[in-house]
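As a plain string of letters, each chain reads:
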Amino acid sequence: MDWIALRLSLELAAWTAAVLLPLGMLIARELAWRPRAGRAWFEAMVALPLVLPPTVLGYYLLSMFGGTTWIGQAYQALVGRPLAFSFQGLLLASVVFNLPFAVQPMQRAFEAIPRDVREAAWVSGLSHWRTFWRVELPLAWTGVVSSMVLTVAHTVGEFGVVLMMGGNIPGQTRTISIAIYDRVQAFDDRAAALMSALLLGFSLVAIAVVYGLSDRRARA
Amino acid sequence: MSEGLYARFEQSGPIPLATELRCAPGELVALVGPSGSGKSTILRGIAGLYRPRAGEVRCAGETWFDGVVDLSPQRRRCGLVFQNYALFPHLSALANVTLAAGHVPPGERDTRGRELLELANLAGLEARRPAQLSGGQQQRVALARALARDPQVLLLDEPFAAVDRVTRRKLQRELALLRKRVRIPIVLVTHDLDEARVLGDSMSILHHGHTLQCGSPVEVMTRPASAEVARLLDLGNLFEGVVREHRAERNRTLIGWGDYQLEAVHAPRLKPGDPVNWVIAPEYVVLHRRDRPSQGERENPVSGVVQDCVSLGETTSVSIRIGGRIGEQLAMNIATHHARRNKLAPGESITVTLLGEGIHLMPWGGRHAPPATDSA
């Protein structure tokens, strides 16, 4: 059992969720409530990681943020180390890859709030900020929790993009899914089986939570 | 009017608007019109939820909108009851109300909320969520929430549309009582003419975003400004004729209607030879007694055949097909015992008087070619 890889995976999942909670919510609210020209393209871009092979996504991320690109060089000049093959690079890839998993459940939840309920809050004197906290979030919380659970579960299980963008550096970019691959390659069946069982249980619980919340919202 | 509400909206699209509205404190103006006539848009414009291209909204001496000033809904002290109430589903009835009482010190909000719920006859139901309340109770919570802001104007968007008939009557009565306690302008959007007539001090008739007529319910119902208004109000006895001459000394204008010449209320704006529309309320149609003709029967006598008689309790509604080349249906209401005494039945020939004081002339606004001018 590679405990370091498990801890790294959990850290990556926590950071991805921390970034995507505000960012995904911002995008989800925008998509839910502001019909505007080009929305279909914007939605398609957000959803792209769902259909794109992870290797393709990883390739483009490397092409954009690798050490030879100007973004990559600017990052290195600023921070002192390359973005690719680092935890930060991994986080960037994870955020991009998880965007649809974070945005879509929240978007559906915000879309379900009738427009006149929000308007009633404004007419009742509530600022947009108070409307968000007192009306929107309490009504959309199941969608927000679902999206975070999906993001965490998906980050812990992600493989292709992580390998492309992060490589396989123990303690830095080797996540649990890569560690499983590593153990299988090394014929260490016991460790691979243990880690796989752990991921299976974790994913099952996560999906059950998402469906449970979805049922709760449907009944509300 | 500086203490009341004044609203004017003008734009050619996307929702065409050409409307003006005045409502004094304590007054209730009913906005009436078919679906899509812009009633709710006007209400939203007043509340700041819709921004028209041009116009003006002033309330209690304060400018809320004039093209330069455009206060947010939060800064306009409006109480708005939405058509489907738009209650906060996750909050109790009390929390729905107290959330709107942000201007009240935190320690007093609860008391204020309870007072308003009591005023809305909801004492004891404070802890219930909207889903646990009936339609009528939800409407009352919505009204209490609208009042929680101590609004300068109360806007009601079809507030009785989603409740059953009995509850509607009860809620309408409660609104009438509430008006005595709350001295602010009230604008009621409705497509129900009876509701507008019963509750409104004045009515504003809207069609395609245009105000067609404003006035007291009696004035609008008996003296519609145009044939279009008469049609929107579903006034039954709407006919076409031609102006023949004015008799100003008798306060009458003579019109031709098929073979008949009728005396109508003087309408000096119309010129002899002009095609016109005219209406007469059923109560101005008087049956000639067959057994005892009287003097008054010389005024606009018209003959026809009874098409049907429908007894509606104490009143009987009679439909008469007018003879000659007119061939149109005329409706009248008479007391049921009167109908019985005169043995009114389908197929019977009768003569009625159209009281001149009840014949209201309007510029012609027919849907087809105007009636031919005659030389009679």
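Throughout, residues of each chain are indexed from 1 in the direction in which the sequence is written. Numbering of ligands from 1 and lettering of chains from A proceed in the order in which they are written. For a predicted model such as this one, the threshold for reporting local features is a pLDDT of at least 70, and the threshold for listing and counting side-chain atom pairs is 80 or more; totals across whole chains, interfaces and linings nevertheless cover every residue. Side-chain calculation: all heavy atoms of the structure are included, whereas hydrogens and water are not.

Looking at the confidence of the model for chain B
Residues and elements named next belong to chain B.
Alright, step 1. Here chain B shows a mean pLDDT of 87. Residues at 70 or above account for 94%.
Alright, step 2. Per-residue confidence from the predictor is given as pLDDT, running between 0 and 100. Strands here mean DSSP runs of E at least two residues long; helices mean DSSP runs of H or I at least four residues long; both are numbered from the N terminus. When pLDDT is averaged over each element of chain B, helix H2 (residues 93-98) comes out on top at 95 and helix H5 (residues 165-181) at the bottom at 83.
Alright, step 3. The complex prediction reports pTM at 0.81, with the ipTM value standing at 0.80.

A closer look at the interface of chain B and chain A
Alright, step 1. Between chain B and chain A, the residue contacts involve 17 residues of the former and 18 residues of the latter.
Alright, step 2. The contact between chain B and chain A buries some 1,500 Å² in all, and 65% of this surface belongs to carbon and sulfur atoms.
Alright, step 3. When the area that chain B buries against chain A is broken down by residue, the three leading residues are Gln74, His90 and Leu99 of chain B, summing to 36%.
Alright, step 4. When the shortest N-O distance is used, the salt bridge between Arg44 of chain B and Glu119 of chain A registers 2.7 Å.
Alright, step 5. Any pair of nitrogen or oxygen atoms within 3.5 Å is treated as a polar contact; in protein, a donor-acceptor pairing is required on top of that, and neighbouring residues in sequence qualify only through side-chain atoms on both sides. Across the chain B-chain A interface, the total number found is four residue pairs in polar contact (both at pLDDT 80 or more).
Alright, step 6. Broken down by secondary-structure element, the contributors of at least two residues to the side of chain B that touches chain A are helix H1 (39-47) and strand E6 (78-81) of chain B. Here, two residues are considered to be in contact whenever any of their heavy atoms come within 4.5 Å of each other. As a working definition, buried area equals the accessible area (1.4 Å probe) given up by two parts on being put together, with both sides summed. Salt bridges, as used here, are contacts in which a Lys or Arg side-chain nitrogen is within 4 Å of a carboxyl oxygen on Asp or Glu.

Thoughts on the nonpolar core
Alright, step 1. Buried residues of nine kinds, namely Ala, Val, Leu, Ile, Met, Phe, Trp, Tyr and Cys, make up a nonpolar core once their side-chain atoms join them within 4.5 Å. Burial status follows relative accessibility: with a 1.4 Å probe on protein chains alone, a residue under 20% of its type maximum counts as buried, one over 50% as exposed, and anything between as partly exposed. One finds Phe110 of chain A together with Leu5, Ile46 and Leu155 of chain B to be the most contacted residues of the largest nonpolar core, which totals 67 residues.
Alright, step 2. Discounting chain neighbours no more than four positions away, the residues touching Leu155 of chain B are Leu43, Ile46, Ala47, Cys78, Gly79, Leu80, Val81 and Val187 of chain B.
Alright, step 3. Counting residues in hydrophobic clusters, the runner-up holds 35 residues, among them Leu117, Leu143, Ile184 and Ile186 of chain B.

As for the environment of Val96 of chain A
All names here are of chain A.
Alright, step 1. By the element assignment, Val96 lies in helix H5 (residues 87-111).
Alright, step 2. In this structure the C-alpha to C-alpha distance between Val96 and Ser147, which are 51 residues apart in sequence, comes to 14 Å.
Alright, step 3. Setting aside anything within four residues of it in sequence, one finds Val96 in contact with Pro49, Leu57 and Leu61.

Remarks on a nonpolar patch on the surface
Alright, step 1. In this analysis, a patch consists of residues with relative accessible area above 30% that form no salt bridge, clustered at 9 Å for like charges and at 5 Å for the nonpolar side chains Val, Leu, Ile, Met, Phe, Trp and Tyr. For every accessible area listed, the method is Shrake-Rupley and the probe measures 1.4 Å; residues are considered covered only by the protein chains on display. On the surface, Leu48, Leu50 and Val51 of chain A cluster together into a nonpolar patch covering about 280 Å² of accessible area.
Alright, step 2. With respect to the element layout, Leu48 of chain A can be found in helix H2 (residues 39-51).

Details of the sheet that holds strand E18 (residues 329-335) of chain B
All names here are of chain B.
Alright, step 1. When DSSP finds at least two bridges between two strands, those strands are taken to pair. Taken together, five strands build an open sheet; the order of strands is E15-E19-E16-E17-E18 and the sheet is antiparallel. A strand with exactly one partner marks an edge of an open sheet, and here the two such strands are strand E15 (285-287) and E18. Neighbour to neighbour, the strand axes of the sheet diverge by 45 degrees on average, direction disregarded.
Alright, step 2. As paired elements, strand E16 (residues 301-312) and strand E19 (residues 349-354) share five bridges and run antiparallel to each other. The partner of Gly304 across the bridge, within E19, is Ile350. Here an axis means a line fitted to C-alpha atoms, over the contact stretch when the element is a helix, while the angle between two N-to-C directions is reported on a 0 to 180 degree scale.

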